[in-house]
2 protein chains.
Amino acid sequence: MSATDDPAVEKTNSHPLAWSGLIQAYRQYLPVTESTPVVTLLEGNTPLIPAPAIANEIGKGVRVWVKYDGLNPTGSFKDRGMTMAISKAKEAGAKAVICASTGNTSAAAAAYARRGGMRAFVIVPDGYVALGKLAQALVYGGEVLAINGNFDQALDIVRELAQNYPVTLVNSVNPYRIEGQKTAAFEIVDNLGEAPDWLCIPVGNAGNITAYWKGFCQYKEQGKCDRTPRMMGFQAAGASPLVTGKVFQHPETIATAIRIGNPASWEQAVAAQQESKGEFNSVTDEEILSAYRLLASQEGIFCEPASAASVAGLLKVKDRVPAGATVVCVLTGNGLKDPDTAIKHCNNQLIQGIEPKLEAVAEVMGF
Amino acid sequence: MSATDDPAVEKTNSHPLAWSGLIQAYRQYLPVTESTPVVTLLEGNTPLIPAPAIANEIGKGVRVWVKYDGLNPTGSFKDRGMTMAISKAKEAGAKAVICASTGNTSAAAAAYARRGGMRAFVIVPDGYVALGKLAQALVYGGEVLAINGNFDQALDIVRELAQNYPVTLVNSVNPYRIEGQKTAAFEIVDNLGEAPDWLCIPVGNAGNITAYWKGFCQYKEQGKCDRTPRMMGFQAAGASPLVTGKVFQHPETIATAIRIGNPASWEQAVAAQQESKGEFNSVTDEEILSAYRLLASQEGIFCEPASAASVAGLLKVKDRVPAGATVVCVLTGNGLKDPDTAIKHCNNQLIQGIEPKLEAVAEVMGF
């Protein structure tokens, strides 16, 4: 079946203004050809939302936006890499893909693989993972296997499986993931008309900071922007190997999506920081939660705790932001992915037991 | 403070290609002026995703898309109406808004009101509402008050409060909500280059079918499309007043977002159906869940159960779809809003207790 025969990879919309997904939008910058079967959920094109409350906390005429990648189809930036990884897997004739993941990657892998007509295997350590975390992978039709072992064993097994059986690895070692993710940098430049002065980004496995840096550099080479931003990477204090220079054997943070002690893209992330004259800094869980609440209750934007690390970090180093600078903070995932944290850590509480009368309610409201 | 001074309503992006929210995109069709302070989270511009698996079940060369409005900023189509309702409330000088809602409306109201610098009150019946359902409203900074009464009493109280105190009602009786929601029809036409033959839509309170019909008619009058679609409204069997012609005193369905026995926009919905030569039909909870699973596991799209009613309905009446027709199904909310249903009703189960060895995992995978 050729690419054009396959209804799953049909050219999406007939109108020239319609968004047809990031591969279609940026294909000249991506390792695809006309014969690559594009498996897309119209990911990308996520809003770059002004964040006046955050800007106000900084002052000095600084302008702040958040790149809200939680509005991708499966709720995180992983969709950007997965449309590439799955399209290339399909092009290579794969019938199944596999990853070891307990979170956003497994959801994206399952959704795109199933859409592309492939099986999606997700290997997780047993007893370690809450079912809720896997609900998305399961509902998308992923086949989730729990081994009596730890996460490192799960990772080893998926690598071996991909070497020995006809199943494609879509964990972050898959090189197409970075290619897809770099398009978020393109979109920021396309929206602002220029690269920002600073790019603040949560750093866990360090693939995303690597991808953004690649995107900005590529767009500058192509003359799409005149400069590249300083890459400001922020890690959770309990999982900050790039800040301390040491592997964390037991990383701990409420920001589970960046709870990583030994980042896969360590060297590339350091290169991005050095070449961009950027920095790595850490933020505490309390600072992350404070930024998480600020984003939701002042800006109206509900993100995953890990996403809020970028805003927490910006506020932590706000004295060093140049006057009048433009700053973009990356929000990697949707807050709806983690409702438990929302309930536990929002400041507002349900007020109960009010008499069902106008005056009683008005009084509670302060009238 | 004028609209242009207010950082919350700053013109979003400098680049002409950037999406600046639905009011900016469609202001000529909306009751706003240059002095209306636009409170936006860049809602709208949601993807119109091809649904080849659904089309395949119908055959006859029918083409199917889903309008995935679950990718709005707070996860549902309510954001479209709320950017209008809150912007107009701000223009009128409101300092607070109020609604009675246990679901998507309360989340949208809280997010937009807080972004606009207003207080957001949400009145709910005590003991009836799970905390999880209110997590979003709370995290956005909404002030949620539970009365010792039922939902009808809550509705009566918010109406009275809005009449007697300086607080603006943003429940569905707010006329600006429909105005904002109609832009989804504009986007469909802008994407396809024409109106579809059929528009399949879940119907609960009937505001959305009213809004879509208004949007299609307005676009046709303006010459933006040559035709209007047949409006195919689908209700849950246990809450189908528009199908049966009778109020449901105790509506029941798993699709909580359309569990409504006496729709507020009853007459307008009937007008839309009649003028468009459309139909109202009901679907069972089992049919809804079947479509919900199909969407997730075949198309890679995870929606709320209520959203899947549009697809369940289309499949139920598929014999009546004309050959070669174009059909758009509206998906109103994000599946992440209701993770419990996902876990309970997806077909895939976690497979546990596998030995952490290559061969053991490979065997389970069928290699």
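Residues numbered from 1 in each chain as written. Chains lettered and ligands numbered in written order. Predicted model: local features only at pLDDT ≥ 70, side-chain atom pairs only at ≥ 80, totals over all residues. Heavy atoms only, no water.

**Remarks on the pattern of salt bridges**
All names here are of chain A. Counted by the stated rule, this structure contains 30 salt bridges over all chains. Between Glu 187 and Arg 80 there is a salt bridge, and its shortest N-O distance comes to 3.0 Å. You can see Glu 187 sitting in helix H8 (residues 183-192) and its partner Arg 80 sitting in helix H3 (residues 78-91), a full 107 residues away along the chain. When sorted by exposure, Glu 187 lands in the same class as Arg 80, which is buried. Put simply, Glu 91 and Lys 88 hold a salt bridge, and the shortest N to O gap is 2.9 Å. Of this pair, Glu 91 and Lys 88 are both found in helix H3, three residues apart, which corresponds to roughly one turn of the helix. (Salt bridge = Lys/Arg side-chain N within 4 Å of Asp/Glu carboxyl O. Helix = DSSP H or I, 4+ residues; strand = E, 2+ residues; numbered from the N terminus. Buried < 20%, exposed > 50% of the residue type's maximum accessible area, 1.4 Å probe, protein only.)

**Considering the relation of the copies chain A and chain B**
Overlaying chain A with chain B gives an RMSD of 0.0 Å, the required rotation being 180° about an axis along which the chain moves by 0.0 Å. Taken together, the turn and the small shift mark the pair as related by a two-fold rotation axis. A share of 100% of interface residues in chain A that are also interface residues in chain B marks the association as one of identical surfaces. (Least-squares fit on C-alpha atoms with pLDDT ≥ 70 in both. Contact = heavy atoms within 4.5 Å.)

**Description of the confidence of the model for chain A**
Residues and elements named next belong to chain A. Of the residues in chain A, 95% reach a pLDDT of 70 or more, and the chain-wide mean stands at 93. Within the model, the stretch residues 1-14 combines pLDDT values under 50 with 33 contacts to residues more than four positions away or in other chains. At the level of chain-chain contacts, confidence expressed as ipTM amounts to 0.94, with global pTM at 0.95. (pLDDT = per-residue confidence, 0-100.)

**Description of the sheet that holds strand S2 (residues 63-68) of chain B**
All names here are of chain B. Strand order across the open sheet formed by six strands is S1-S2-S10-S7-S8-S9, with mixed pairing between neighbours. Bordering the open sheet on either side are strand S1 (48-50) and strand S9 (279-283), each of which pairs with just one other strand. This sheet shows a mean twist of 25° between the axes of neighbouring strands, independent of strand direction. The strands touched by helix H12 (residues 285-299) are S1, S2, strand S8 (230-236), S9 and strand S10 (326-331); relative to S9, the strand with the most contacts, the crossing angle is about 90°. Strand contacts of helix H13 (residues 305-316): S2, strand S7 (198-202), S8, S9 and S10, with the helix running at about 150° to S10, the strand carrying the most contacts. (Pairing = 2+ DSSP bridges. Axes fitted to C-alpha atoms, helices over the stretch in contact; angles between N-to-C directions.)

**Overview of the interface of chain A and chain B**
If you look at the interface, chain A gives 89 residues, while chain B gives 89 residues. For the pair chain A and chain B, the two sides together bury roughly 7800 Å², of which 65% comes from carbon and sulfur. For the interface between chain A and chain B, the tally reads two salt bridges. Across the salt bridge formed by Arg115(A) and Glu299(B), the nearest N and O atoms sit 3.4 Å from each other. By residue number, the principal contributor to the side of chain A that touches chain B is helix H5 (residues 131-139) of chain A, which donates seven residues. Direction of pairing for strand S5 (residues 143-147) of chain A relative to strand S11 (residues 351-354) of chain B: parallel, over a ladder of two bridges. In the sheet register, Leu145(A) faces S11(B), and the bridge partner there is Ile351(B). (Buried area = accessible area lost by both parts, 1.4 Å probe.)

**Things to note about the sheet that holds strand S3 (residues 96-100) of chain B**
As summarised here, the arrangement of the five strands in space is S11(A)-S5(B)-S4(B)-S3(B)-S6(B), forming an open sheet in which the pairing is parallel. Sheet topology places strand S11 (351-354) of chain A together with strand S6 (168-169) of chain B at the edges, where each strand pairs with a single neighbour. Summarising the sheet, S3(B) and S6(B) pair through two bridges and their orientation is parallel. Note on S6(B): the bridge partner recorded for Ile98(B) is Leu169(B). Along the sheet, helix H6 (residues 151-164) of chain B contacts S3, strand S4 (119-125), strand S5 (143-147) and S6 of chain B; its crossing angle with S3(B), the most-contacted strand, is approximately 155°.

**Digging into the pairing of strand S7 (residues 198-202) of chain A**
All names here are of chain A. Along S7, five of the five residues are buried, which leaves the element largely enclosed by surrounding structure. Side chains Trp 198, Cys 200 and Pro 202 project from S7 onto one buried face, and the interleaved Leu 199 and Ile 201 project onto a second face that is buried too. Direction of pairing for S7 relative to strand S8 (residues 230-236): parallel, over a ladder of five bridges. Paired with Pro 202 across the strands is Phe 234, a residue of S8. Running through helix H9 (residues 207-221), the crossover from S7 to the neighbouring parallel element S8 is right-handed. Pairing of S7 with strand S10 (residues 326-331) involves three bridges; the strand directions are parallel. (Right-handed = clockwise from strand over helix to strand, strands pointing away.)

**Thoughts on the UniProt feature "binding site: pyridoxal 5'-phosphate" (unreviewed entry) in chain A**
Residue and element names in this part refer to chain A. As annotated in UniProt, the feature "binding site: pyridoxal 5'-phosphate" (unreviewed entry) corresponds to Asn 104, Gly 204, Asn 205, Ala 206, Gly 207, Asn 208 and Thr 332 in the numbering used here. As for its placement among the helices and strands, Gly 204 is situated in the loop between S7 and H9. When sequence neighbours within four positions are dropped, the list of residues in contact with Gly 204 reads Gln 235, Ile 258, Ile 260 and Pro 263. As for its position among the elements, Asn 208 is in helix H9. Sequence-distant contacts of Asn 208, that is, excluding residues within four places in its chain, are made with Phe 77, Gln 181, Ile 201, Val 330 and Thr 332. Side chain to side chain, Asn 208 and Gln 181 meet in a polar contact 3.0 Å long. (UniProt positions renumbered as here; feature names shortened; annotations may be inferred. Polar contact = N/O pair within 3.5 Å; in protein donor to acceptor, adjacent residues only side chain to side chain.)

**A few points about the environment of Gln136(B)**
Position of Gln136(B) relative to the elements: it lies in helix H5 (residues 131-139). Distance from Gln136(B) to Lys337(B), taken between C-alpha atoms, is 9.0 Å for residues 201 residues apart in sequence. The contact partners of Gln136(B), leaving out residues within four places of it in the chain, are Phe302(A), Leu336(A), Thr74(B), Ala107(B) and Lys337(B). Among the polar contacts listed, one links the side chain of Gln136(B) to the backbone oxygen of Thr74(B), at a separation of 2.9 Å. Within the structure, the side chain of Gln136(B) is placed 2.8 Å from the side chain of Lys337(B), a separation counted as a polar contact.

**Points about the pairing of S9(B)**
All names here are of chain B. For S9, the buried fraction is high: four of the five residues fall into the buried class. The pairing of S8 with S9 spans five bridges and is parallel. Bridging across to S9, Met 232 finds its partner in Glu 279.

**Points about helix H11 (residues 266-275) of chain B**
All names here are of chain B. Considered for burial, the residues of H11 that qualify are Ala 269, Ala 272 and Gln 273. Taken around the axis of H11, the buried residues stretch over an arc of 95°, which confines them to a single face. Turned more than 90 degrees off the buried face of H11, the exposed positions are Glu 267, Gln 274 and Glu 275. At its buried positions, H11 is contacted by helix H9 (207-221), S8, helix H10 (241-244) and S9. Positive phi shows up at Lys 277, right after H11, with a value of about 55°. (Arc of directions from axis to C-beta.)

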